[in-house]
Amino acid sequence: MAAAIPAKVRRPPRAPIPLRKGSGGSHIIPDTATELDMPRPDKETRAAAKARIAELKKIRDQAHEEAEKAKATADEVMWKAIAAELDTGEALQLDAAEATDFSRDHVAKRTKQYRTTQD
């Protein structure tokens, strides 16, 4: 005789988050009655904060640009070295493909411009 399988146990429902009137429920906004009263900043304070945030974004964008340049340089160095390995005849495109986890076709395309001899 098979043992009875217990019914799935459900968690109790979570307490609803109070919504502002007119929010339509499309997004959850805490009720203003439960929020702490925060003073609104004046225009000069907001402008200064906005300038600081813009500067942070500028620094981030510059760092991303430098990282992209470093990545492109590293790629070029790698593909030149792989092309040199293939040119010496000590490795095949298949070997490079297996070592890099790229397809043989991808290795051929990326090393083509750096090759001195063609297969």
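Conventions used here
- Residues numbered from 1 in each chain as written.
- Predicted model: local features only at pLDDT ≥ 70, side-chain atom pairs only at ≥ 80, totals over all residues.
- Heavy atoms only, no water.
- Helix = DSSP H or I, 4+ residues; strand = E, 2+ residues; numbered from the N terminus.
- Buried < 20%, exposed > 50% of the residue type's maximum accessible area, 1.4 Å probe, protein only.
- Contact = heavy atoms within 4.5 Å.
- Areas by Shrake-Rupley, 256 points an atom, 1.4 Å probe, with all protein chains shown as cover.
- Patch = residues over 30% accessible without salt bridge, like charges linked within 9 Å, V, L, I, M, F, W, Y side chains within 5 Å.
- Salt bridge = Lys/Arg side-chain N within 4 Å of Asp/Glu carboxyl O.
- Lys, Arg positive; Asp, Glu negative; His and termini not counted.
- Charge placed at Lys NZ, Arg CZ, Asp CG, Glu CD.
- Phe/Tyr/Trp six-rings, centres within 6.5 Å; stacked < 30°, edge-to-face > 60°.
- Axes fitted to C-alpha atoms, helices over the stretch in contact; angles between N-to-C directions.
- Parallel < 35°, antiparallel > 145°, perpendicular 65-115°, else oblique.
- Nonpolar A, V, L, I, M, F, W, Y, C, P; charged D, E, K, R; others polar.
- Expected span 1.5 Å × (residues − 1).

Undergrad: Describe the overall build of the protein, listing the residues and the values that go with them.
TA: Helix and strand counts for the protein stand at 3 helices and 0 strands. Taken from the N to the C terminus, the helices and strands of the protein come in the order α-α-α. The buried share among the 119 residues of the protein stands at 11%. For the protein, the share of sequence-separated contacts (at least 6 apart) that also reach a separation of at least 24 residues comes to 41%. When the accessible surface of the protein is split by element, carbon and sulfur atoms take 58% of a total near 10,900 Å².

Undergrad: Tell me about unusual backbone geometry, and please be specific about residues and values.
TA: Backbone phi values are negative for most residues with the exception of glycine, while trans is the configuration of most peptide bonds. Positive phi, close to 65 degrees, is recorded for Asp101, a residue that is not glycine. Structurally, Asp101 can be placed in the loop between α2 (93-100) and α3 (104-111).

Undergrad: Requested: an account of a positive patch on the surface, with residues and values cited.
TA: On the surface, a cluster of positive charge is contributed by Arg40, Lys43, Arg46 and Lys50. The residue Lys50 is located in helix α1 (residues 43-88) in this model.

Undergrad: Kindly report on the pattern of salt bridges, identifying the contributing residues and their values.
TA: According to the stated counting rule, one finds 6 salt bridges in the structure shown. With a closest N to O distance of 2.9 Å, Asp61 and Arg60 form a salt bridge. Overall, the relative accessible area of 33% leaves Asp61 in the partly exposed class. When its relative accessible area of 44% is taken as the criterion, Arg60 is described as partly exposed.

Undergrad: Explain the packing of aromatic side chains residue by residue, including any values.
TA: What the rule picks out here adds up to 1 aromatic pair. Seen in terms of ring centroids, Trp79 and Phe102 are 5.6 Å apart; in terms of plane orientation they differ by 40 degrees. Their pairing is tilted. Linking Trp79 in helix α1 with Phe102 in the loop between α2 and α3, this pair joins segments that are 23 residues apart in sequence. Judged by relative accessible area, Trp79 falls into the buried class, the value being 2%. With a relative accessible area of 35%, Phe102 lands in the partly exposed category.

Undergrad: How would you explain the packing of α2 against α3 if you had to name every residue and give the values?
TA: Following both chains from N to C, one finds α2 and α3 inclined at 105 degrees, their axes separated by 8 Å at the closest point. Taken together, α2 and α3 sit at an angle that is classed as roughly perpendicular. Facing α2, whose interface residues are Gln93, Leu94, Ala96, Ala97 and Thr100, α3 presents Arg104, Val107 and Ala108. Residue composition of the contact of α2 with α3, grouped by class: 5 nonpolar, 2 polar and 1 charged.

Undergrad: How would you summarise α1 if you had to cite specific residues and measurements?
TA: Here α1 spans 67 Å end to end across 46 residues, near enough to the 68 Å set by a 1.5 Å rise per residue. When α1 is considered as a whole, its buried residues turn out to be Trp79, Ile82, Ala83 and Leu86. Along its buried surface, α1 packs onto α2 and α3. Just beyond α1, the residue with positive phi is Gly89, at close to 85 degrees.

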